[in-house]
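Survey of secondary and tertiary structure
Residue-level listing of the chains:
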Amino acid sequence: MRIVFAGTPAPAVPTLQALLDSHHEVVGVVTRPPARAGRGRSLVPSAVATVAEEAGVPLIEASGFTDTKVLDAVEALNADLGVVVAYGALIPPAVLDMPRFGWVNLHFSDLPRWRGAAPVQWAILSGDERTASSVFQLEEGLDTGPVFSRLPVPIGRETAGELLEIMSELGAAQILEVVDSIAEGSACAIPQDEEDPAKSRARQLTHDDGFIDFTKSAQEVDRIIRAVTPNPGAWTLLPGGVRLKLGPVTPDPQGQAGTGVIRASKKSVEVGCAQGQVSLGRVAPAGKGWMDSAAWARGARLDEGARLGVKED
């Protein structure tokens, strides 16, 4: 089949590469325009754009589908099927109707649980023990279309970035199977259960969601940090209000340190939580790179009983 692909970040690349390597023909790729990144804030093309250009596939860089030139370019591809993975914008009904078989989407949750922009992050944040990648038929509603395929994925101690990488690799083969079944005429999509009590929304996490004040249990602190790693990132406050970035931690439900209180030794740094404590891994002080927490504590020379996460008036 003739495939038009829409995607932007690195998790979309495995699916695009699988389609490029298949017997189907990728006739065009839609991705968001270059974004500023790095210390120099220079414009950098999306991960999907880089792969498409290397493959010599026609590229449409657009923030959405409001421009008539974008609409005309997509329609001119004369695609049989559209495939979406993390494009970053809604596809309007007029575009959904352009390919002969519509569009399918690889979504990183067990729909209808965690519909929305950050399903992996919310699955970790909520303590889900498992999730699934779902391939479904796109329709006008937000992640509401009938599901062709579900692939269960257990959740262990991964960060959101690590779990998303695992799921994007597994999902590439999954979506290729669905594309093949649509081409063969054997595909079957099952409507989502709108009465499912697990139905939920996964809004995009913000910088504020990454703030750690240690007033939750050690397990909850651990989940929050893993959910926001690598983006938008976890952080806390040192005495005096200076920010400290936090990498993944190791929870100890039996620890006895007071809430936010730091206990540093030559080899480790523990911080008390409402219940239990966590051992810090890597940290990044303001204006500096990542380093081992014990090395940071030796240089920081914190007062005995110093606390993290206290917002001062």
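Read on for an overview of the structure. Along each chain, the written sequence defines residue order, and numbers are assigned to residues from 1. Owing to the predicted nature of the model, reporting of local features is limited to residues with pLDDT of at least 70; listing and counting of side-chain atom pairs is limited to 80 or more, with chain, interface and lining totals taken over all residues. Side-chain numbers here rest on the full set of heavy atoms in the structure, without hydrogens or water.

The next thing to look at is helix H8 (residues 293-300). Between buried and exposed lies partly exposed: a residue is buried under 20% and exposed over 50% of the maximum accessible area for its type, with that area taken using a 1.4 Å probe on protein chains only. Each helix is a run of H or I in the DSSP string that is no shorter than four residues. Each strand is a run of E no shorter than two, and both are numbered from the N terminus. Among all positions of H8, only Ser293, Ala294, Trp296 and Ala297 are buried. Relative to the axis of H8, the buried residues are bounded by an arc of 160° and lie together on one face. Buried residues belonging to H8 abut strand S13 (243-246), strand S15 (262-264), strand S16 (269-272), strand S18 (282-285) and strand S19 (291-292). The term polar contact refers here to a pair of N or O atoms within 3.5 Å; inside protein, the definition further demands a hydrogen-donor-capable atom paired with an acceptor-capable atom, and it admits residues adjacent in sequence only when both atoms are side-chain atoms. For H8, the capping residue at the N-terminal end is aspartate 292, with a side-chain oxygen 3.0 Å from the backbone nitrogen of alanine 294. The directions from the helix axis to the C-beta atoms form the arc being described. By definition in these notes, contact holds between two residues if any of their heavy atoms fall within 4.5 Å.

What follows concerns the sheet that holds S16. Strand pairing is assigned whenever DSSP identifies at least 2 bridges connecting the two strands. Strands sit in the order S14-S17-S16-S15 across an open sheet of four strands; the sheet is antiparallel. What marks the edges here is a single partner per strand, and that holds for strand S14 (250-252) and S15. The sheet shows a mean angle of 25° between the axes of neighbouring strands, taken without regard to direction. Looking at chain direction, S15 and S16 are connected through three bridges and run antiparallel. Counterpart to alanine 264 in the pairing with S16 is valine 269. Lying on the sheet, helix H7 (residues 218-227) is in contact with S14 and strand S17 (277-279); it crosses S14 at an angle near 170°. Note on definitions: angles span 0 to 180 degrees between N-to-C directions of axes, and those axes are lines fitted to C-alpha atoms, for helices only across the stretch in contact.

Here helix H1 (residues 13-21) crosses helix H2 (residues 47-55) at 20°, and the two axes come no closer than 9 Å. In this view, H1 runs roughly parallel relative to H2, as classed from their interaxial angle. For the pair H1 and H2, the crossing hand works out as right-handed. Contacts from Val13, Leu16, Gln17 and Leu20 in H1 reach Ala47, Val48, Val51, Ala52 and Ala55 in H2. We call two directions roughly parallel when the angle between them is under 35 degrees, roughly antiparallel when it is over 145, roughly perpendicular when it lies between 65 and 115, and oblique otherwise. The handedness criterion is simple: a crossing whose near helix is rotated anticlockwise from the far helix by less than a right angle is left-handed, and one whose near helix is rotated clockwise is right-handed.

Moving on to the pattern of salt bridges. When a carboxyl oxygen of Asp or Glu lies within 4 Å of a side-chain nitrogen of Lys or Arg, that pair is called a salt bridge. Applying the stated rule across the entire model yields nine salt bridges. A salt bridge links arginine 226 to aspartate 222, with the shortest nitrogen-to-oxygen separation between them at 3.3 Å. With a gap of four residues between them, arginine 226 and aspartate 222 both fall in helix H7, about one helical turn apart. Aspartate 222 carries the same exposure label as arginine 226, and that label is buried.

Within the element layout of this structure, threonine 236 appears in strand S12 (residues 234-237). For threonine 236, a relative accessible area of 0% translates into the label buried. Among the polar contacts listed, one links the side chain of threonine 236 to the backbone oxygen of isoleucine 212, at a separation of 2.7 Å. Apart from residues lying up to four places away in sequence, threonine 236 is in contact with Phe211, Ile212, Phe214, Val242, Arg243, Leu244, Leu246, Leu308 and Gly309.

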